[in-house]
Amino acid sequence: GWLRGVRARREHMSRLRKTLQETADRLLCAWNCCLHESLGGLHEDLMPRMWPFVARALLEATRLLAHCTEVASGGRVTDAEEATLRENAERTRAAVAVLTGKFRDAKAKYGAEGVVEELMDESSFLLHVCATGRLAAELAEDFLAAKGNAKPLPAADAPSGIFDNSVTASKEHLGFASRWLVTLVIAFIVGYTGHSKTMVNYDATTASFAALFLRKSIGSSGARSLQRLRGVGIGAVAGHVTYAMVGWCTWWGHAGTAVAFLSWVGTALFQHHEGRVGAGLATG
């Protein structure tokens, strides 16, 4: 049924995610080897010979990973995809094997058997390239094995595993959630009922202002609180003035409101995340 299909899709996507994470780590290590390589000595003669085989291995691995992503999105290997997926996996394995053999032959030609210090970076680079192809081939083989029920895929992480109970259920977080839950509920009640003509009913302004002052610390934080208070004041005044100036039901009014809104929010976010001084002021 549909529940089985959802579970199969989650298992395929979970297996794909693990492969992509390790592949990214391998490629990052290969890139790091390029950064630290002195590009001298045997490198100038060896790597141009290896490059066609490196490119072939990476191309086959990339195609195979793209195919595996399509399979994982569907949650299963269809009969029409099985032969192509198996062929792509075999070609990737073959490209990795050819690259490995060519590198060994080149080392033997230069009399560099075993571990050679001068070729440490080259060896590490090619190792990670071959590992990328191997990981892609193993992923495809696991998908094919799961189709034939020869080897089921590992179960995907349960939704409850996404949350760390040691953090979400800690005393600090529970206290923060309880305090601000009560605060926001009271603010919603005040905004719902209103008071005379000063505070109209059915208004979320009180709750939205209270949300801007959310913070985990319970001690005194005068400077930051004052910055936030000034930011809220400036934002409220600037918003009302801008709305009074351009908030008209015309094309130029809508355009002016959109430009003012995007400019204000963009500037405030930049100041809040990048500004070392007045980051709390940008809350408004």
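Structure: above.
Not measured: the values here are computed from a predicted model. (Residues numbered from 1 in each chain as written. Predicted model: local features only at pLDDT ≥ 70, side-chain atom pairs only at ≥ 80, totals over all residues. Heavy atoms only, no water.)

## Describing the packing of helix α1 (residues 2–36) against helix α4 (residues 120–147)
The line we're drawing: To obtain each axis, a line is fitted to C-alpha atoms, and for helices this fit is confined to the stretch in contact; angles are then taken between N-to-C directions over 0 to 180 degrees. Helix and strand definitions here come from DSSP, where helices need a minimum of 4 consecutive H or I residues and strands a minimum of 2 consecutive E residues; each element is numbered from the N-terminal end. In these notes the angle categories are as follows: under 35 degrees is roughly parallel, over 145 is roughly antiparallel, 65 to 115 is roughly perpendicular, and the rest is oblique. Residues are grouped as follows: nonpolar covers Ala, Val, Leu, Ile, Met, Phe, Trp, Tyr, Cys and Pro; charged covers Asp, Glu, Lys and Arg; every other residue, Gly included, is treated as polar.
Interaxial distance between α1 and α4 falls to 8 Å at its minimum, and their mutual angle equals 170°. The angle between the axes of α1 and α4 places the two elements in the roughly antiparallel class. Its residues assigned to classes, the contact of α1 with α4 comprises 11 nonpolar, seven polar and seven charged.

## Regarding a nonpolar patch on the surface
The test is simple: Here a patch means residues that are over 30% exposed by relative accessible area and free of salt bridges, tied together within 9 Å if like-charged and within 5 Å if nonpolar (Val, Leu, Ile, Met, Phe, Trp, Tyr). Accessible areas in this description were obtained via Shrake-Rupley with a 1.4 Å probe; residue shielding takes into account the shown protein chains only. We define a salt bridge as a side-chain nitrogen of Lys or Arg found within 4 Å of a carboxyl oxygen belonging to Asp or Glu. The classification of residues rests on relative accessible area computed with a 1.4 Å probe and restricted to protein chains. Under 20% of the type maximum is buried, over 50% is exposed, and intermediate values are partly exposed.
Among the surface-exposed residues, Ile-234, Phe-261, Leu-262, Trp-264, Val-265 and Leu-269 lie close enough to one another that they form a single nonpolar patch of about 600 Å² accessible area. For the nonpolar patch, the element with the highest residue contribution is helix α9 (residues 251–274), accounting for five residues. Take Phe-261: it is sitting in helix α9. A relative accessible area of 54% means that Phe-261 is categorised as exposed.

## A short note on helix α2 (residues 43–74)
To be explicit about the condition: Working rule for helices: expected span equals 1.5 Å times residues minus one. One fitted axis covers the seven residues ending at a residue, a second covers the seven starting there, and the bend at that residue is the angle between these axes.
Relative to the 46 Å expected for 32 residues at 1.5 Å per residue, α2 spans 44 Å between its end C-alpha atoms, a close match to the ideal helical length. Remark: the principal bend of α2, roughly 40°, maps to Trp-51, with a proline, Pro-52, within the next four residues. At the C-terminal side of α2, Gly-75 shows a positive phi close to 85°.

## Quick notes on unusual backbone geometry
For Tyr-202, which is not glycine, the phi dihedral falls at a positive 60°. By secondary structure assignment, the location of Tyr-202 is in the loop between α6 (171–193) and α7 (205–211). The exposed category is assigned to Tyr-202, whose relative accessible area is 61%.

## Here we look at the environment of Thr-19
Which entries qualify depends on this criterion: Any two residues having at least one pair of non-hydrogen atoms within 4.5 Å are treated as being in contact.
Looking at where Thr-19 falls in the secondary structure, it is placed in helix α1. In the structure, Thr-19 is positioned 113 residues away from Thr-132 in sequence and 9.1 Å away in space, judged by C-alpha atoms. Non-local contacts of Thr-19, meaning those with residues more than four positions away in its chain, are made with Leu-65, Leu-135 and Leu-139.

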